[in-house]
Amino acid sequence: MTFLLVIIFGLMFVYALYFAAQTARLGSEPGDFLNAGMALPSWSVMFLLPAIGVAALGLERQLLLVTRYGLQASHVAIGLVTVAVAGVLIWNRLWVATRLASLRTPGEALGRYYDSIALRVIMLGLCVLFALPYSAHILSQAAQLLETATGGTISRSMAVWMCAITLAIPAIIGGWRGTILVLAMQALFLAVLLPGIMLFGEVVLGGDMFPTSPMPTADGIFWDRIPGVLQAYGGVGKNVPTGGIFTTIAISSTAISLVGIMCSPATLYLGQTTKNGKAFAVGGVWLTGGLAAGLLLLVLPVVAARMPDGLAGYANVLADIVPLAGVAVILLGVVGSLLAVSFFVTGGTLILFSELVHTYLFPKLSPAKQRFGARVGLGIAFFFLGLMAAFMPFVSAVFASVALPLALQLLPAIVGFGFMRWISRGAVLAGIVLGSLMVIF
């Protein structure tokens, strides 16, 4: 299965490279490298939005949680509905303001509206947080899965650098447009792959499994119901509360925190650089809140009931029947992670270059030099991504754990920008500071 897995990943890299090269060749202006000429195709944004929400949830992580806790963990996928609502509300107003006031980045939008340099600095800090520690943590987990699936033939460090290089080259060649178009097709691939694996596994594997029989969970875990509204227990690592950890409060707080993915700089930038706003309703309501949430709620429990030993174990079981099916299971866990990594690193780097380098350090750069500088920045960003994922996985995990809640602290600023004009700059900054302290402590 290892050889076949390498071949499939090689083909995906060649496809991404070809798509990026064609995009770069057909680009009208060198300056379009940074923002796609503010004209990303609507279909690409429509497909990518649900994939970003699933990436924030973590497909492999969600599968493992459902395997361990049953349907109570499956309910966390309802958080994609909150992501969809936030996307429709935020993106429409931000897109209109971008076109009316010629705003190029989310930091410029909030900074000019509130007349605050501090908000622009906060946005740049979030760019770094998502582009390096958050993405490095996701990449490290994907590399660990590849190491387990190949039996150590591909080590975790080797997988990290292979993935970092194969993600960096298309981004450096194609820029923002090339990256988004490639990721949109990968999102469509994931949407087909998840139900396909479920159907194939149910057809070829025998025995009674969910929903005809209970999901296999540890003793004392309620697999078929939510264990109350709120439970008190000794703390993480001290004891497991009776019935499980996913109470109503735990599910709702997770759903709310997922809105942070819509407040992240790269996601806001995606909404700003779309050609028109027609994709927001379809991508948010039907594809994110409907298709993506529905697939996770209906399909993941069926798949999770078949994989008590994790994705790698389930892949080995299917690979004994059809090797390509085993590879498909590994792709399910890895492609979603790499999609998120490429999106946040590329988006964060391009925003940093536009906001910091081009605006303040070298404002007179020609479009060709802007493109060259952005390509250098992308190369440096992916290099540091590989360093963090390969050698600092624990540090990356610690910082990644606060990325979404910290991004969520921008929600009052965005709401004031789009809906409630009476929200003042002082209130926004005070809320961000106090909210960030609460998240950190």
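Everything below is about the structure shown above.
A brief report on the enclosed structure follows. (Residues numbered from 1 in each chain as written. Predicted model: local features only at pLDDT ≥ 70, side-chain atom pairs only at ≥ 80, totals over all residues. Heavy atoms only, no water.)

Concerning the overall build of the protein chain
Across its full length, the protein chain carries 20 helices and zero strands. The C-alpha atoms of the protein chain give a radius of gyration of 21 Å, which matches the 22 Å a tight globule of 441 residues would have. Projecting the C-alpha coordinates of the protein chain onto the three principal axes gives extents of approximately 65 × 50 × 40 Å. A total of 441 residues make up the protein chain; the buried ones form 54% of that total. (Helix = DSSP H or I, 4+ residues; strand = E, 2+ residues; numbered from the N terminus. Rg over C-alpha atoms; globule rule 2.2 N^0.38 Å. Buried < 20%, exposed > 50% of the residue type's maximum accessible area, 1.4 Å probe, protein only.)

Regarding the packing of aromatic side chains
Under the counting rule described, the total for this entry stands at 13 aromatic pairs. Taking 6.1 Å as the distance between ring centres and 40° as the angle between the ring planes, the aromatic pair formed by Trp161 and Phe383 counts as tilted. Placement of the pair is Trp161 in helix H9 (residues 156–204) and Phe383 in helix H16 (residues 367–391), with a sequence separation of 222 residues. Accessibility expressed as a relative area gives 43% for Phe383, which makes it partly exposed. (Phe/Tyr/Trp six-rings, centres within 6.5 Å; stacked < 30°, edge-to-face > 60°.)

Quick notes on the environment of Thr267
The residue Thr267 is located in helix H12 (residues 265–272) in this model. Note on Thr267: relative accessible area 0%, which makes it buried. When the C-alpha atoms of Thr267 and Gly87 are compared, they prove to be 9.2 Å apart, with 180 residues separating the residues in sequence. Among the polar contacts made by the side chain of Thr267, one reaches the side chain of Ser264 at a distance of 2.7 Å. (Polar contact = N/O pair within 3.5 Å; in protein donor to acceptor, adjacent residues only side chain to side chain.)

Considering empty space enclosed by the protein
Using a probe with the size of a water molecule, rolled over the atoms, empty space left in the structure can be pinpointed. All chains considered together, the criterion is met by two cavities of 30 Å³ or more. Estimates place the volume of the largest cavity at around 60 Å³. In terms of lining, the largest cavity is formed by Ile90, Leu94, Pro106, Ala109, Leu110, Met123, Leu268, Ile414 and Phe417. Contributions of two or more residues to the lining of the largest cavity are made by helix H6 (79–101), helix H7 (106–114) and helix H19 (411–418). Considering every element that reaches the lining of the largest cavity, the biggest residue donor is H7, with three residues. For the lining of the largest cavity, the residue count by class is nine nonpolar, no polar and no charged. Considering the residues around the second largest cavity, the lining is formed by Ile90, Arg93, Leu94, Ile414, Phe417, Gly418 and Phe419. When contributions to the lining of the second largest cavity are tallied by element, the ones reaching two or more residues are H6 and H19. Looking at the lining of the second largest cavity residue by residue, the classes come out as five nonpolar, one polar and one charged. (1 Å grid on protein atoms, 1.4 Å probe; cavity = no way out; pocket = protein on both sides within 12 Å on 5 of 7 lines; lining within 4 Å. Points joined across faces, edges and corners; volume = space filled by probe spheres on them. Nonpolar A, V, L, I, M, F, W, Y, C, P; charged D, E, K, R; others polar.)

Quick word on a nonpolar patch on the surface
Together, Ile78, Val81, Val85, Leu89, Leu297, Leu298, Phe419, Met420 and Trp422 give the surface a local cluster of nonpolar side chains, amounting to about 860 Å² of exposed area. Sorting the residues of the nonpolar patch by element identifies H6 and helix H13 (278–305) as the ones contributing at least two each. A total of three residues in the nonpolar patch trace back to one element, the largest contributor, which is H6. Looking at the element boundaries, Val81 is found in helix H6. (Patch = residues over 30% accessible without salt bridge, like charges linked within 9 Å, V, L, I, M, F, W, Y side chains within 5 Å. Areas by Shrake-Rupley, 256 points an atom, 1.4 Å probe, with all protein chains shown as cover. Salt bridge = Lys/Arg side-chain N within 4 Å of Asp/Glu carboxyl O.)

Concerning the packing of helix H3 (residues 42–57) against H13
In a pair of packed helices, the angle between the axes and the distance between the axes together describe the arrangement. Two elements in contact, H3 and H13, have axes whose closest approach is 9 Å; the angle formed by their N-to-C orientations is 40°. Classified by the angle between their axes, H3 and H13 sit oblique to one another. Seen from above, H3 lies across H13 with right-handed handedness. Facing Ser42, Val45, Met46, Phe47, Leu49, Pro50, Val54 and Leu57 of H3, the residues of H13 in contact are Ala279, Phe280, Val282, Gly283, Gly284, Leu287, Thr288, Ala292 and Leu296. Of the residues belonging to the contact of H3 with H13, the class tally is 13 nonpolar, four polar and no charged. (Axes fitted to C-alpha atoms, helices over the stretch in contact; angles between N-to-C directions. Parallel < 35°, antiparallel > 145°, perpendicular 65-115°, else oblique. Left-handed = near helix turned anticlockwise from the far one by under 90°. Contact = heavy atoms within 4.5 Å.)

Points about helix H1 (residues 2–26)
Here H1 contains 25 residues, and its C-alpha end-to-end distance of 36 Å stays within 8% of the 36 Å for a straight helix at 1.5 Å per residue. Restricting attention to buried positions, one finds in H1 the residues Leu5, Ile8, Phe9, Ala16, Ala20 and Thr23. Close packing links the buried residues of H1 with helix H8 (117–149), H9 and helix H15 (323–361). (Expected span 1.5 Å × (residues − 1).)

Some details on the packing of H8 against helix H20 (residues 425–440)
Closest axis-to-axis distance for the H8/H20 pair is 10 Å, and the angle between their directions is 35°. At the point where H8 passes H20, the crossing takes the left-handed sense. Contacts between H8 and H20 pair Ala118, Leu119 and Ile122 from the former with Val428, Leu429 and Ile432 from the latter. A class-by-class count of the residues in the contact of H8 with H20 yields six nonpolar, no polar and no charged.

Some points on the side chain of Thr23
Mapped onto the fold, Thr23 is located in helix H1. Taking relative accessible area as the criterion, Thr23 reaches 11% and is therefore assigned buried. Only 2.8 Å separates the side chain of Thr23 from the backbone oxygen of Phe19, close enough to count as a polar contact. Those residues within four positions of Thr23 in sequence are excluded, and the remaining contacts are Gly174, Arg177, Gly178 and Leu181.

Some thoughts on the pattern of salt bridges
Throughout the structure, instances matching the rule amount to three salt bridges. Of the charged contacts in the structure, one is a salt bridge between Glu108 and Arg112, with a shortest N-O distance of 3.5 Å. With a gap of four residues between them, Glu108 and Arg112 both fall in helix H7, about one helical turn apart. A residue is classified by how much of its surface remains accessible, and Arg112, at 47% relative accessible area, is partly exposed. Its salt-bridge partner being Glu202, residue Arg306 comes within 3.0 Å of it at the nearest N-O pair. On the criterion of sequence distance, the pair formed by Arg306 in the loop between H13 and helix H14 (310–319) and Glu202 in helix H9 is long-range, its members being 104 residues apart.

Observations regarding the side chain of Gln272
Here Gln272 shows up in helix H12. With relative accessibility at 0%, the residue Gln272 sits in the buried group. Of note is the side chain of Gln272, whose polar atom sits 3.4 Å from the backbone oxygen of Thr105. Leaving out residues up to four positions away in the same chain, Gln272 has contacts with Met38, Leu94, Trp95, Thr98, Arg99, Leu103, Arg104, Thr105, Pro106 and Ala109.

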